[in-house]
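Topology and contacts: notes
Listed below are the residues making up each chain.
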Amino acid sequence: MEENWLRTLYRFANGHKALFIWSIFFSTLSVFAGIVPYVIGARIMTDIIDKQYERHEITWLLVWMLITFLFKTIFHGISTTLSHHAAYNILNDLRNAITNRLMQTSLGVVKRFSSGTIKNTILDRTEGVEIPLAHMIPELSANIFVIIVTVVYLATMDIRLALSALLTIPLASIPLFFLMKNFEQKYQNYMRANNQVNSVMVEYIEGIEVIKTFNQTGTSFRKFSDAVTSFKEYTLNWLQTAWKTQNLIFALLPFTLLGVLPVGIWLYLDHVLTLNQLLLGLLLAIGLGGPLNKLSLFTNDFSAMKQSVLNTQKFLELPLLDFRKKEIGRPLDGSVDVINVNFGYKKNELVLSNINLEIPSKSFFAIVGPSGSGKSTLLQLLNRFWDVQSGKIRVGKVELTELTQQQLNRTISYVTQDSFLFKGTIEDNIKMGKPDATPQEIEAAAHAAMCWDFIEALPQGMKTEVSFGNNHLSGGQQQRISIARAILKDAPIIILDEPTASIDPENERQIQESLLRLARDKTVIMVAHRLSTIKNADQIIVLDNGKIVGAGQHAELLEECAAYQRLWESYTQTEEWHISNH
Ligand SMILES: Nc1ncnc2c1ncn2[C@@H]1O[C@H](COP(=O)(O)OP(=O)(O)OP(=O)(O)O)[C@@H](O)[C@H]1O
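Because the structure is a prediction, the values reported are computed rather than measured.

**Looking at the overall build of the protein**
- Across its full length, the protein holds 21 helices and 12 strands.
- Scored against the burial criterion, the 582 residues of the protein give a buried share of 36%.
- When contacts within the protein are restricted to residue pairs at least 6 apart in sequence, those whose partners lie at least 24 apart make up 80%.

**Digging into the UniProt feature "transmembrane region" (unreviewed entry) in the protein**
- This chain's UniProt record puts "transmembrane region" (unreviewed entry) on residues 20-40, 60-78, 133-154, 161-180, 248-269 and 278-298.
- Taken as a whole, residues 133-154 contains 100% helix and 0% strand, while its terminal C-alpha atoms sit 31 Å from one another.

**Examining the site of the ligand**
- Neighbouring residues of the ligand: G108, K111, Y345, V351, G369, S371, G372, S373, G374, K375, S376 and T377.
- With 3 residues, helix α13 (residues 375-382) is the single largest residue contributor to the shell around the ligand.
- For the shell around the ligand, the residue count by class is 2 nonpolar, 8 polar and 2 charged.

**Topic: the sheet that holds strand β9 (residues 493-497)**
- Across the sheet, which stays open at both edges, the 6 strands sit in the order β6-β9-β10-β3-β11-β12 with mixed pairing between neighbours. Of all the strands in the sheet, just β6 (412-415) and β12 (547-552) have a single pairing partner and so form its edges. Neighbour-to-neighbour, the strand axes of the sheet open up by a mean angle of 15°, direction not taken into account.
- Note: strand β3 (residues 364-368) against strand β10 (residues 523-527), 4 bridges, orientation parallel. Among the inter-strand pairings, A366 is bridged to a residue of β10, identified as M526.
- Along the sheet face, helix α18 (residues 475-489) touches β6 and β9 and points at about 180° away from the line of β6.

**Description of the nonpolar core**
- Counting residues in each nonpolar core, the largest one holds 67 residues, and the members touching the most others are A484 and I525.
- Among the elements that take part in this core, α18 stands out by supplying 6 residues, more than any other.
- Setting aside its immediate chain neighbours within four residues, A484 contacts I430, A445, A446, A449 and C451.
- In this structure, I24, V129, L140 and V263 belong to the second largest nonpolar core, which totals 52 residues.

**Structural notes on the pairing of strand β4 (residues 390-395)**
- Summarising the sheet, strand β1 (residues 336-343) and β4 pair through 5 bridges and their orientation is antiparallel. Directly across from D337, in β4, lies its bridge partner R394.
- Of the pairings in the sheet, the one linking β4 to strand β5 (residues 398-399) comprises 2 bridges and is antiparallel in character. Pairing of V395 across the sheet is with V398, part of β5.
- Taking the residues that link successive antiparallel strands as the turn, the β4-β5 hairpin has 2 residues, and the phi of G396 there is positive, at about 55°.

**Describing the environment of F183**
- Structurally, F183 can be placed in helix α8 (residues 183-206).
- For F183 and A304, which are 121 residues apart along the polypeptide, the C-alpha to C-alpha distance reads 8.9 Å.

**Comments concerning the environment of P492**
- Position of P492 among the secondary structure elements: in the loop between α18 and β9.
- Since 20 C-beta atoms lie within 10 Å of it, P492 is described here as buried.
- A C-alpha to C-alpha distance of 8.3 Å links P492 and S361, two positions 131 residues apart in sequence.
- Setting aside residues up to four positions removed in sequence, P492 forms contacts with D333, G334, T411, K522 and T523.

**Some thoughts on unusual backbone geometry**
- You will see that N354, though not glycine, has its phi angle at about 50°, which is positive.
- By the element assignment, N354 lies in strand β2 (residues 352-359).
- Its identity as a non-glycine residue notwithstanding, M450 has a phi of 60°, on the positive side.
- With respect to the element layout, M450 can be found in the loop between α16 (439-448) and α17 (452-457).

**So, the packing of helix α2 (residues 17-50) against helix α3 (residues 55-104)**
- Between α2 and α3, the shortest axis-to-axis distance is 7 Å and the interhelical angle comes to 160°. When the axis of α2 is compared with that of α3, the two are roughly antiparallel. Relative to α3, the crossing made by α2 is left-handed.
- Tallied by class, the residues present in the contact of α2 with α3 amount to 20 nonpolar, 10 polar and 3 charged.

**What to know about α3**
- Between its first and last C-alpha, α3 extends 73 Å over 50 residues, near the 74 Å set by a 1.5 Å rise per residue.
- The elements touched by buried residues of α3 are α1 (5-13), α2, α5 (115-157) and α12 (275-316).

**Looking at α2**
- Helix length check: α2, at 34 residues, gives a terminal C-alpha distance of 50 Å against a target of 50 Å (1.5 Å per residue), a fit within 8%.
- Trailing α2 by a residue or two, K51 shows a phi angle of about 55°, which is positive.

**Quick notes on the sheet that holds β2**
- The strand order across the open sheet built from 4 strands is β2-β1-β4-β5, with neighbouring strands paired in antiparallel fashion. In this open sheet, the two edge strands, each paired with only one partner strand, are β2 and β5.
- Of the strands in this sheet, β1, β2 and β4 are in contact with α13, which crosses β1 at around 120°.

Cut-offs applied
- Residues numbered from 1 in each chain as written.
- Predicted model: local features only at pLDDT ≥ 70, side-chain atom pairs only at ≥ 80, totals over all residues.
- Helix = DSSP H or I, 4+ residues; strand = E, 2+ residues; numbered from the N terminus.
- Buried ≥ 20, exposed ≤ 12 C-beta atoms within 10 Å, placed from the backbone.
- Contact = placed C-beta atoms within 7 Å.
- UniProt positions renumbered as here; feature names shortened; annotations may be inferred.
- Near = placed C-beta within 6 Å.
- Nonpolar A, V, L, I, M, F, W, Y, C, P; charged D, E, K, R; others polar.
- Pairing = 2+ DSSP bridges.
- Axes fitted to C-alpha atoms, helices over the stretch in contact; angles between N-to-C directions.
- Core = buried A, V, L, I, M, F, W, Y, C linked by C-beta atoms within 7 Å.
- Parallel < 35°, antiparallel > 145°, perpendicular 65-115°, else oblique.
- Left-handed = near helix turned anticlockwise from the far one by under 90°.
- Expected span 1.5 Å × (residues − 1).

Spelled out as structure tokens, the structure:
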């Protein structure tokens, strides 16, 4: 069930309560210190009018006005420092919570969002909570408190004077009502337009190579600039209408003299108030203007914060893959059993049907099949990126759903088609598989993945800085680094999705050898289009249209399986074509 957004916010703010309480305390001191100069001012004026003043006394009062003003500034500074500290901590927690949630939800759910939307939510939308939180909590509480105290104080002089100081509130409520009408809808539209700009921008940057290759710079840039322009127009339109109403509120709300001046003078003329009381009442009413104005600002902030929290909540409430929290059984070995598995990305559209596999521990298992036959999907199911629709998958005789996420991570190493390199050194990238690995272990993994030689040849060797999409390594070199990462992780099962796709034949042979060596200790499950890589596999299955249409070793399949024969034929033809073109 969806959590109330305030409750969500409270859950995150609760850990930083102490900072907020201190911040409210100093903010209250600051607002009170801000009222004192008005009280002193009233005293000076009555003294002057009554001609009962001593020059040095007035000088001292003026000095006190200055001191209290200084205190107001200092207390405000302390309060906002504390509240910003708390708000940034909350922001940090929120961002971590969203990232954690994304890690614990199925890949299919994550992929429903564009990377622009995810980036926008984690960075910008959460940021929308910071300013209101940092200012609203301490300042709102302090300002409300000060308004109450001032009004009560005015009421001690005369209740009519107190009520007249509040006259602008009902008056300003009318334009405020119009301002807030449909605010949420408008803010949602604003966020949608903002997400759109982000998505188009990320797409434009990520696809820059394709855009340039296909000479699409004009069209793609237009798409980008159209999104930016329509975002600008939407925002300006909205702000232009809001500004007028907002300015009216800003003008009306702090104009407390509107009520206090006539009522105060009338009470003075009727001898209900003394001159001192009248002046004090007028100055206090002027002092109320600031806090009242803050209140109107916070109504905006409050709604903006609500929308930001609701937006992040969408991510915080993504359905979780139901991992075990505590270990109950341990995988006994590196075997994998797939029992009557059916799976589809959409209901009623099976991508894999009735899959049964028995993969013995420490064997080399290969999956082949035409494009779109479901090979990657099957590998991803083994790694629990998605849950099966029906059937069971066991690793080491334990069902996947019975494992904790850590157990699954420890059991399976997964090398995807896109070898993703994180920003950092090559060593950092390999070490991700085992953060506490020794240099010797890293070197051994690099040797096993056939990447040691080229890394050694780089001027900075293992310390060479790399990042995804921005390094001078070839596709094959990047792929070998990610294989080294998987080897170092030392999980009993290694899953590889076309690891040799971008590797030259010489390296392919070497990697093939290293994989065979690896399979002496581990289970290697691999998808390959280059059938030469998996010729020596202990078992090969052939997938076609989501079904297993053949299983056995290379020689057997060549004899018996028509689909494999077709694959082999087209593979050898392509290879011959490659050779004759060299
Ligand atoms: N995230 C997804 N959402 C919806 N459909 C998907 C998704 N990923 C893959 N598919 C569909 O599932 C089917 C199997 O795709 P899969 O990537 O598993 O095939 P494959 O055999 O690995 O193909 P290739 O050899 O081209 O990589 C295809 O029809 C594909 O369009």
